[in-house]
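# Chain and residue survey
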Amino acid sequence: MPIELAPDHKIGLALANPIMIASGCGGYGAAYQGLIDQTVFGAIVTNPITLRPRRGAPGLRLVETSAGFVLDTGLQNPGVKKVIREYRQAWSRLGVPIIAHLPAAEPADLHRTARALTGTDTIAAIELGIPHHAIPFDLKLWIEAVQRDCLLPVLVKLPLDRALELAEAAANTGADILVIGLPPLAAALSPTGESVTGYLYGPALHGLALHAVQAVKELVDLPIIAAGGIHTLNDAQAFLQAGASAVQLDSLLFIDPKSAVELARALPAD
Amino acid sequence: MIQTQATIVQKETIGPAWWRLIIAAPALAPRPLPGQFLLLRCADRFTCYLRRAIFPTPVDDEHISLLIRPDPDPGLAWLSARQPGDQIDLIGPLGAGFSLSDQVRHLLLVSDVQSIDPLLGQMERAIAAGVSVTLALGGSRASVLYPVSALPPPVEFHTATLDGSTGHRGPVTDLLPELIPWADAVCAVGSMRFYRALKNLVERIRFSLGTGFVSGLVTTQPIACGVGACLSCAVETNHGPKLACLDGPVFDLAALSV
């Protein structure tokens, strides 16, 4: 039996497996196609898609840390038109639901980006990425902009270090599902002394995310997808036990794609 | 590309500080081309978190060799401590490697980053095709340079060290004004600063840098995923940002924004 992640939504979001791939870790859905069987995953969330192309961060983007890394891509992406042109065929053939990740932007831009993606009929849902500096009122504008001409379920991905203070605002303004969450910001120095500020990835994220999931679960009555630092079956199960309906894998894909598949095979929907 | 466990079958020292690991990887398909890379797990747990990009040289249909240089990187240190019988988890082959046109009779290889492993496969391919090969090898000091005694005999080599401990004293680019006029094609591995200098040299000596003359392998950005997902390895080109893991790591120098 598939898991219904948006039971109160007209279209809903049914996954055959609670293990998804997080935004930023699977490209636009086809990156790992030649390496692993991607159809075992419940869904793949795309890399960030913006209305216009973004060149991304100049210079060094990644610095490895002890048991992790700091990454800033600067939202590099070819823009929604080109993404649709290049990937819509792949999306309908991959055999796994695709969720488009839209980083928060000007409401008018968000509206047009979401409308263009909905029009392809190949997207299962929209995931809206909320930046670390957001205030509750921003969430209302962004979520309304996405939903104006888009009937798909909307996942709202909160920064995990601010999930508790933003969760109610997301729930009250129409989010169908909460994703907890966006990795915390961190800085690191490269061996040559260059500093990179960006998202922190690695196993240490798991504890931070688990705490945020537990706290938000007490507060808000929406389905929750947990994301952050899953490296083992135990990590995934801890999120599910804390009340998450599904989980997203992140950097495990980079360091051991095969074990990501094994993890999904060990956790079929029941 | 595949992800597979491969077994170390032999470990040889080269010179005082370098290692060559011979690895049985029969499942690795297709065979890696010169300039293509593998991503190796270089830790038992998460201490050394990301995979390391390593440039293999095919030995035969089932074996590849990996050159391990002296390097402070904890991942490469872990790798150099592996012994025959140990298993290594690898993904590959990845990326777009060097090409070798039939027109090329004189191939110049240049490295300013001590390591020449990305060039070894190209060197062997060129020798097998009857092409004359010259290597210009540069580094900070003699002790970090690849031991030239281990080079195949047909290769002519020139070395340069910043401290003058072997070969010419100065950067490797000092050697090139004499070598570039001889070459039909150049394959290089180096820093962006080196590529800037190389581009200026070629433009001065040949009046322009046409497409296809210099192929440069870019290793300045860490490659985390190898499949175009993480966008960590962006390289600026005249056609916008490209990814070292998919569009490279070998780029035409004429297209690189240096």
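Residues numbered from 1 in each chain as written. Chains lettered and ligands numbered in written order. Predicted model: local features only at pLDDT ≥ 70, side-chain atom pairs only at ≥ 80, totals over all residues.

### What to know about the domain arrangement of chain B
Residues and elements named next belong to chain B. Heads up, the condition is: Start and end positions for the domains come from either an automated domain assignment or a database one. The contact criterion used here is simple: two residues whose C-beta atoms, placed from the backbone, lie within 7 Å are in contact. Counting from the N terminus, the helices are DSSP H or I runs at least four residues long and the strands are E runs at least two residues long. Side-chain classes follow a simple rule in which Ala, Val, Leu, Ile, Met, Phe, Trp, Tyr, Cys and Pro form the nonpolar group, Asp, Glu, Lys and Arg form the charged group, and the remainder, Gly included, forms the polar group.
For chain B, the assigned domains read domain 1 (2-94) and domain 2 (106-252). Taking only C-alpha atoms, the centre of domain 1 and the centre of domain 2 are 21 Å apart. In this complex, domain 1 contributes 18 residues to the contact, which on the side of domain 2 involves 23 residues. Going through the elements one at a time, strand E3 (37-40), strand E5 (57-58) and strand E7 (87-94) are the ones with two or more residues in the side of domain 1 that touches domain 2. Among the residues making up the side of domain 1 that touches domain 2, the classes are represented as 14 nonpolar, three polar and one charged.

### Looking at unusual backbone geometry
Residues Ile-180 of chain A and Gly-181 of chain A are joined by a peptide bond in cis, for which omega reads -15°. With respect to the helices and strands, the residue Gly-181 of chain A is situated in strand E10 (residues 177-182). Residues Gly-92 of chain B and Pro-93 of chain B are joined by a peptide bond in cis, for which omega reads -10°. Inspection of the secondary structure puts Pro-93 of chain B in strand E7. Positive phi is not limited to glycine here, since Phe-207 of chain B has a value of about 75°.

### What about helix H1 (residues 80-93) of chain A?
Since one α-helical turn is 3.6 residues long, residues separated by three or four positions face the same way. Residue and element names in this part refer to chain A. For clarity, the threshold we go by: The length a helix should cover is 1.5 Å for every residue beyond the first. The angle between axes fitted to the seven residues ending at a residue and the seven residues starting there is what we call the bend at that residue. Three exposure classes are used. Buried residues have 20 or more other C-beta atoms within 10 Å of their own C-beta, exposed residues have 12 or fewer, and partly exposed residues fall in between, all C-beta atoms being placed from the backbone.
Here H1 spans 19 Å end to end across 14 residues, near enough to the 20 Å set by a 1.5 Å rise per residue. At Tyr-87, H1 is bent by approximately 50°, the largest bend along its length. Inspection of H1 places Val-80, Val-83, Ile-84, Tyr-87 and Trp-91 among the buried residues, and these make up the whole buried set. The inward-facing, buried residues of H1 abut strand E7 (98-103) and helix H2 (107-118). Among the residues trailing H1, Gly-95 stands out with phi positive, at a value near 75°.

### Examining the interface of chain B and chain A
Interface size is commonly expressed as the accessible area that is lost once the parts come together. In this complex, chain B contributes 23 residues to the contact, which on the side of chain A involves 27 residues. Secondary-structure elements contributing two or more residues to the side of chain B that touches chain A are strand E1 (2-14) and strand E15 (240-243) of chain B.

### What about the packing of helix H4 (residues 163-172) of chain A against helix H5 (residues 205-219) of chain A?
Residues and elements named next belong to chain A. The test is simple: To obtain each axis, a line is fitted to C-alpha atoms, and for helices this fit is confined to the stretch in contact; angles are then taken between N-to-C directions over 0 to 180 degrees. Handedness of a crossing is defined here by the sense of rotation of the near helix relative to the far one, left-handed for an anticlockwise turn of less than a right angle and right-handed for a clockwise turn.
One can describe the packing of H4 onto H5 by two numbers: an axis separation of 9 Å at closest approach and a directional angle of 35°. Here H4 runs over H5; the crossing is right-handed. Between H4 and H5, the residues in contact are Ala-163, Leu-164, Ala-167 and Glu-168 and Ala-212, Ala-215, Val-216 and Leu-219, respectively.

### Remarks on the nonpolar core
All names here are of chain A. Counted only if it meets this: To define a nonpolar core, we join buried Ala, Val, Leu, Ile, Met, Phe, Trp, Tyr and Cys residues through C-beta atoms within 7 Å and take the resulting set.
If you look at the biggest cluster of nonpolar residues, it comprises 181 residues, and the most contacted ones within it are Leu-158 and Ile-180. With six residues, H5 is the largest single contributor of residues to this core. The contacts of Ile-180, once residues within four sequence positions are left out, are Leu-158, Leu-160, Ala-163, Ala-209, Ala-212, Val-213, Val-216, Ile-224, Ala-226 and Ala-227.

### Re the pairing of strand E4 (residues 43-48) of chain A
All names here are of chain A. How we decide: Strand pairing is defined by DSSP finding a minimum of two bridges between the two strands.
Taking burial as the measure, the six residues of E4 include six buried ones, the bulk of the element. When strand E3 (residues 19-21) meets E4, the two strands line up parallel, connected through two bridges. Counterpart to Met-20 in the pairing with E4 is Ala-43. With three bridges joining them, E4 and E7 adopt parallel strand pairing. Each bridged residue has a counterpart across the sheet, and for Ile-44 the counterpart in E7 is Ile-98.

### Observations regarding the sheet that holds strand E6 (residues 68-71) of chain A
Residues and elements named next belong to chain A. The antiparallel open sheet is built from four strands, whose spatial order is E5-E6-E12-E11. This sheet does not close on itself; its edge strands, each paired only once, are strand E5 (62-65) and strand E11 (185-189). On average, each strand axis in the sheet is tilted by 45° relative to the strand beside it, whichever way the strands run.

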